[in-house]
Amino acid sequence: MNISRRFTLGLLAAAALTTGAAQAQDKVLNIYSARHYQTDEALYSGFTQATGIKINRVEADDAGLVSRLRAEGAASPADIVLMVDAARMASADAQGLFQPIKSKKLDDAIPATLRATPTADGVTWTGFSTRARVIVYDPSRVKAEDVANYEQLADPKLKGLLCTRSGSHPYNISLFATVVERLGDQKGEEWLKGLVANQARAPKGGDTDQIRGVASGECGVAIANSYYMARILKSDKPEDKAVAEKVKVVFPNQATSGTHVNIAGAAVAKHAKNRDNAIAFMEYLASPAAQQYFADGNNEFAAAKGVKLNNPALSAMGGDHFKLETVPLAAVSKNLTKVQQMLDRVGFK
């Protein structure tokens, strides 16, 4: 039996476990998704084949989904919302766009640090895949021991070497909010000021641009999500192979607090008409087969406990076993406004 068929059967078996309450409702699930990965089609089709629940999808970026949910209000057809960043999920949650749910399967599968803070009514959002915020560096210009921790990125010895995307981009905001939670407000703002002082150029581009900037010599060190580096490592393009040969990757803070990970996650929409189907789909995403697919199909790390990695690119980066940040991602929500104000004060564009 080939790998593709084994995987499909695994998804079907996983989805079959979620059919209980969902079968009692209309066989439809309306998904609002900010995930734009062709590889996710197998996840959707596996769920539908096993449960008979038809999936309707609306796709937009996170901001577009939030705007649509706000405009639709109680008339929204959305049952479940998929987003790709903890800061964005926390912001949408704060706007009252999600509803809490209770699920023992999710409680058992997904670590509490990758979910919203639980209340008496349940949990509003849950992470289903993770991506590490790693440090990429040029070994000909920077020593590995000088970029072993996020805190070292503010060290004056890296002056003129650091490249990042916009400081206010959600990927950075999530990292910064977590570091501020750990260091405290004063030290956290001093750290952000140090990052600005060390910039090689004004923030611009996406994470892939930062990695290419290190390879080209424009930067000596950069911050990027792990799956962008994994894509380069898996590429057959000569220009990507050249980049991969020139840079190295560090999973930061392994001897201290652990590497920051962000999430792609899901939440049941506030006015979901097919609530049980939505919960069944979330439980399905936490199943071992679906979790393995996140790692194999889109170069993400599984969020569920005990799922083994089987992705050569992530392994080559050193991602087989790494210590994760212990600060709960739910802490991001209370620091969003504060960190943005800090960024404005230190001039981090």
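*Asks:* What is the right way to read the overall build of the chain from this model?
*Replies:* Along the backbone of the chain there are 14 helices and ten strands. Over its C-alpha atoms the chain spans a radius of gyration of 20 Å, differing by no more than 12% from the 20 Å that the globule rule assigns to 349 residues. With the C-alpha coordinates of the chain rotated into their principal frame, the extents come out at 60 × 50 × 30 Å. Put simply, the chain has 349 residues, and 55% of those count as buried. Across the chain, every contact between residues at least 6 apart in sequence was considered, and the portion connecting residues at least 24 apart equals 78%. Measuring between centres, the 42 positive side-chain charges of the chain sit 1 Å from its 36 negative side-chain charges.

*Asks:* Sorry if this is basic, but what is going on with helix H14 (residues 331-346) here?
*Replies:* The periodicity of an α-helix, 3.6 residues per turn, causes residues three or four places apart in sequence to face the same way. Between its first and last C-alpha atoms H14 spans 22 Å; for 16 residues at 1.5 Å apiece the expected length is 22 Å, and the two agree. Residue Thr337 marks the point of greatest curvature in H14, where the axis turns by about 40°. Taken together, the buried positions of H14 are Ala331, Val332, Asn335, Leu336, Val339, Met342, Leu343 and Val346. Close packing links the buried residues of H14 with helix H4 (86-94), helix H6 (170-183) and helix H7 (185-197). One or two positions beyond H14, positive phi appears at Gly347, with a value near 80°.

*Asks:* When you look at the state of the cysteines in this model, what are you seeing that I'm missing?
*Replies:* One covalent bond between the sulfur atoms of two cysteine residues makes up a disulfide. As enumerated under the stated definition, the model contains one disulfide in all. Bridging Cys163 to Cys219, the disulfide has an S-S length of 2.0 Å. Handedness here is read from the sign of the S-S torsion; for Cys163 and Cys219, about -85°, the answer is left-handed. With Cys163 in strand S6 (residues 162-163) and Cys219 in the loop between helix H8 (207-216) and strand S7 (221-225), this residue pair connects regions lying 56 residues apart in the sequence.

*Asks:* Is there a simple way to explain the packing of aromatic side chains in this structure?
*Replies:* Within a pair of aromatic rings, the relevant descriptors are the distance that separates the centres and the angle that separates the planes. One pass over the structure, following the stated rule, counts ten aromatic pairs. For the ring pair Phe47 and Tyr284, a centre distance of 5.3 Å and an interplane angle of 45° mean the geometry is tilted. Here Tyr284 lies in helix H11 (residues 275-285) and Phe47 lies in helix H2 (residues 41-51), a separation of 237 residues in the sequence. With relative accessibility at 0%, the residue Phe47 sits in the buried group.

*Asks:* Just to check I follow, could you spell out the confidence of the model for the chain for this structure?
*Replies:* In low-pLDDT segments, the atomic positions of the prediction should not be examined closely. When the pLDDT values of the chain are averaged, the result is 91; 93% of them are 70 or greater. Throughout residues 1-9 the model reports pLDDT below 50, and contacts reaching past four residues in sequence, or to other chains, amount to five contacts.

*Asks:* Where do I start with the packing of H7 against H14 in this structure?
*Replies:* Helix-helix packing is described using two parameters, namely the angle between the two axes and the distance between the axes. Contact geometry of H7 with H14 gives a least axis separation of 9 Å together with a crossing angle of 45°. The angle between H7 and H14 falls in the class oblique. Viewed along their axes, H7 and H14 form a crossing whose handedness is right-handed. Facing H7, whose interface residues are Asp185, Glu189, Leu192, Lys193 and Val196, H14 presents Lys338, Met342, Leu343, Arg345 and Val346. Across the contact of H7 with H14, the residue classes break down as five nonpolar, no polar and five charged.

*Asks:* Explain the pattern of salt bridges here, please?
*Replies:* Once the charged atoms of two side chains with opposite charge are near each other, the side chains can pair. Under the defined criterion, the tally for this structure stands at 20 salt bridges. Taking the shortest distance from any N to any O, the salt bridge between Lys157 and Asp146 comes out at 3.3 Å. Taken together, the positions of Lys157 in the loop between strand S5 (125-137) and S6 and Asp146 in the loop between S5 and S6 put the pair eleven residues apart, joining distant regions of the chain. For Asp146, a relative accessible area of 17% corresponds to the buried category.

*Asks:* What should I look at first to understand the pairing of strand S2 (residues 54-59) in this one?
*Replies:* A regular strand places its side chains so that they alternate between the two faces of the sheet. Sheet topology note: the strand S1 (residues 28-33)/S2 ladder contains six bridges and is parallel. In the strand pairing of S2, Val28 is matched with Lys54.

Quick notes on the rules
Residues numbered from 1 in each chain as written. Predicted model: local features only at pLDDT ≥ 70, side-chain atom pairs only at ≥ 80, totals over all residues. Heavy atoms only, no water. Helix = DSSP H or I, 4+ residues; strand = E, 2+ residues; numbered from the N terminus. Rg over C-alpha atoms; globule rule 2.2 N^0.38 Å. Buried < 20%, exposed > 50% of the residue type's maximum accessible area, 1.4 Å probe, protein only. Contact = heavy atoms within 4.5 Å. Lys, Arg positive; Asp, Glu negative; His and termini not counted. Charge placed at Lys NZ, Arg CZ, Asp CG, Glu CD. Expected span 1.5 Å × (residues − 1). Bend = angle between axes of the 7 residues up to and from the residue. Disulfide = S-S within 2.5 Å. Phe/Tyr/Trp six-rings, centres within 6.5 Å; stacked < 30°, edge-to-face > 60°. pLDDT = per-residue confidence, 0-100. Axes fitted to C-alpha atoms, helices over the stretch in contact; angles between N-to-C directions. Parallel < 35°, antiparallel > 145°, perpendicular 65-115°, else oblique. Left-handed = near helix turned anticlockwise from the far one by under 90°. Nonpolar A, V, L, I, M, F, W, Y, C, P; charged D, E, K, R; others polar. Salt bridge = Lys/Arg side-chain N within 4 Å of Asp/Glu carboxyl O. Pairing = 2+ DSSP bridges.

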